[in-house]
Amino acid sequence: MARRMEYKWRVWSVTMVGSLMSALDSTIVVLAILPIAEDLHTDYITMVWVVVAYLLVNTALVLSLGRMGDIYGRKRMYNAGFVVFIIGSALSGLAPSGILLVVFRGIQGIGAALLTANSFALISQAFPPQERGRAFGMNSIVWGAGSVLGIVLGGLIITYTTWRAIFLINVPIGIFGTLWAYKAIKPDARAGGGESFDLVGAGTFTAALLSLLLAFTWGLLYSWSDQYVYAFLAASAALFASFVAWEAKFSADPIVDVSLFRNRVFSFSVGVAMLQSLALFAVNFLLMFYFEGIAGVPILTAAYLLLPMSVMSMIVGPYAGRLSDRVGARVIATVGLIVQALALYMLSRISPATPLLSVAALEAIYGVGGGMFWPANTSAIMSASPSRSYGVASGVMNMLRNTGMVLSFIIALSAATSVLPAHVVYELFIGTLSGRLPEAMALAYLRGQAFAFTISTALLIASAAMSLVRGKHDLQAQTHGRSTSY
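An unreviewed UniProt entry lists the protein under the name Multidrug resistance protein, from Conexivisphaera calida. In its Subcellular location (unreviewed entry) section, the UniProt record describing the protein reads: "Membrane".

J.: I'd love a proper account of the overall build of the protein, names of residues and values included.
T.: From N to C terminus, the protein includes 19 helices and 0 strands. Radius of gyration (C-alpha) of the protein: 21 Å, near the 23 Å computed for a compact globule of 486 residues. If one aligns the C-alpha atoms of the protein with their principal axes, the spans along those axes are about 65 × 45 × 45 Å. In the protein, which comprises 486 residues, the proportion classed as buried is 58%. The centroid of the 29 positive side-chain charges in the protein is displaced by 13 Å from the centroid of its 20 negative side-chain charges.

J.: If you had to explain the domain arrangement of the protein to someone new, which residues and values would you point to?
T.: Structurally, the protein comprises domain 1 (1–186), domain 2 (203–252) and domain 3 (256–472). One C-alpha centre belongs to domain 1, the other to domain 2, and the line joining them spans 26 Å. Counting residues at the interface gives 10 residues for domain 1, matched by 10 residues for domain 2. For the pair domain 1 and domain 2, the two sides together bury roughly 940 Å², of which 81% comes from carbon and sulfur. When the area that domain 1 buries against domain 2 is broken down by residue, the three leading residues are Trp49, Leu56 and Ala60, summing to 51%.

J.: How would you summarise unusual backbone geometry if you had to cite specific residues and measurements?
T.: Unlike most non-glycine residues, His41 shows phi in positive territory, near 55 degrees. Note on placement: His41 falls in the loop between helix H2 (33–40) and helix H3 (44–72).

J.: Which residues make up the pattern of salt bridges, and what values go with them?
T.: Pairs can form between side chains of opposite charge whenever their charged atoms are close. The full count for this structure, using the stated rule, is 3 salt bridges. Across the pair Asp39 and Arg164 runs a salt bridge whose closest N-O atoms are separated by 3.6 Å. Residue Asp39 is found in helix H2, and its partner Arg164 is found in the loop between helix H6 (132–160) and helix H7 (165–168); the two are separated by 125 residues along the sequence. One salt bridge in this structure joins Arg74 and Asp70, with 2.6 Å as the shortest N-O distance. Each member of the pair Arg74 and Asp70 is classed as buried.

J.: Break down the packing of aromatic side chains for me, with residues and values.
T.: Under the defined criterion, the tally for this structure stands at 15 aromatic pairs. Residues Trp163 and Phe167 carry aromatic rings whose centres are separated by 6.2 Å and whose planes lie at 85 degrees to one another, so their mutual orientation is edge-to-face. The residues Trp163 and Phe167 share a single accessibility class, namely buried. The interplanar angle of 75 degrees and the centroid separation of 6.1 Å between the aromatic rings of Phe205 and Phe240 together place this pair among those described as edge-to-face.

J.: Would you mind going over the environment of Ser456 in detail, with residue names and values included?
T.: Summarising the element assignment, Ser456 is placed in helix H18 (residues 439–468). Taking the C-alpha atoms as reference, Ser456 lies 9.5 Å from Ser277; in sequence the two are 179 residues apart. Apart from the residues within four sequence positions on either side, Ser456 is in contact with Ala279 and Leu344.

J.: Please give an account of the side chain of Ser124 that cites residues and values.
T.: As for its position among the elements, Ser124 is in helix H5 (residues 98–126). Assessed through its relative accessible area of 1%, Ser124 is described here as buried. A distance of 2.9 Å separates the side chain of Ser124 from the backbone oxygen of Phe120, its partner in a polar contact. Sequence-distant contacts of Ser124, defined by excluding residues within four places in its chain, comprise Arg132, Phe136, Met382 and Tyr390.

Calculation criteria
- Residues numbered from 1 in each chain as written.
- Predicted model: local features only at pLDDT ≥ 70, side-chain atom pairs only at ≥ 80, totals over all residues.
- Heavy atoms only, no water.
- UniProt positions renumbered as here; feature names shortened; annotations may be inferred.
- Helix = DSSP H or I, 4+ residues; strand = E, 2+ residues; numbered from the N terminus.
- Rg over C-alpha atoms; globule rule 2.2 N^0.38 Å.
- Buried < 20%, exposed > 50% of the residue type's maximum accessible area, 1.4 Å probe, protein only.
- Lys, Arg positive; Asp, Glu negative; His and termini not counted.
- Charge placed at Lys NZ, Arg CZ, Asp CG, Glu CD.
- Domains from an automatic or database assignment.
- Contact = heavy atoms within 4.5 Å.
- Buried area = accessible area lost by both parts, 1.4 Å probe.
- Salt bridge = Lys/Arg side-chain N within 4 Å of Asp/Glu carboxyl O.
- Phe/Tyr/Trp six-rings, centres within 6.5 Å; stacked < 30°, edge-to-face > 60°.
- Polar contact = N/O pair within 3.5 Å; in protein donor to acceptor, adjacent residues only side chain to side chain.

Have a look at this one:
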């Protein structure tokens, strides 16, 4: 028993290195937008692509790479993720132009997809079902700490060194993670497994999802009537139809195990994950505009004001995860979503006169809800999946979650640009517009922000309703190799 305990925590520590690296990268990059734009002499549209490219590639590939982990070994694919992320980070840190930085961020996205697709599968493989909520809850400590460290460390790096260091710092972390993963994780006994990787299905699905996301991103950044938007949408529809036909009639080993979606707990839980992400990602993004344009604080101060959300999620996550192991994921996840909906409703009502400490307090409450939701919901998803499909289950969850994040990003920018001139929004985004907005613009922006937050609140209420009726997962049955929902 002692050896089993030792091994599962070794696996957890390995996956946490990858989580820390990803969390650091997600917060540091936003802070570095302005110095990157100035140094590389690039425009704000390119800088938006620097942020978006990582998300698009990660989202499009995570499902296929999770399937590859199930077939070829999760340890092997996870280690490959470290290597690719290191390469992408090094190239990003040395990028001579904005366009090449976008490309190198895409390479980082490939590495991130390899890491995220297989990290949840590794934890699920190492921990028994009745302890997974605890493990995923402790994951929130690392994500929260990484987000906080990213803001603090990012501020120091940008102030005293060069923006290139925000990418290069991933190199030593990634090297350590690669060596530790190689030593700590046992080879996957199922590696190979007699199954083949459906390259046609994977390529078709990846191209279909990427085309869909590009259509929305292109419409936001350029014009919704642009011919490329229609071309991407048409290509996406044709590719998705081809993917479904191929998987149903021709593929010997389909990318997606359709039987997963016959399980009510799994299908509802991944749906809830997407809706929550769709509501979540717009919040911090729009609050950054609020702090800069309405409160008139510098971008680094605005970043610090977002910390309560991450800190509270980090504190609450482990306890909520452990509690979900005892009382079930459905109750804890649903309560977390309700808490987030209430906090977001209050955030939709803030005005120029609202004290910043009050906004920070509402963020903290929002973080409490997130800390309750994610460990419990992730545990429900993975425990409702058979062990042979952990990679695919993790891939489906991360694909839908990331898709929600990308679309939420688009909703947030669309809400801002619907009430403010686009150049004002993008100048706020990259930090070149200092001081408060004129009163008329400030009030217009607040109306747009309130509308976006109202949409997110409605999404969270729908998520809570869906979470409540998902059914209860039988952990005892899963422990004995069966997956039951009722």
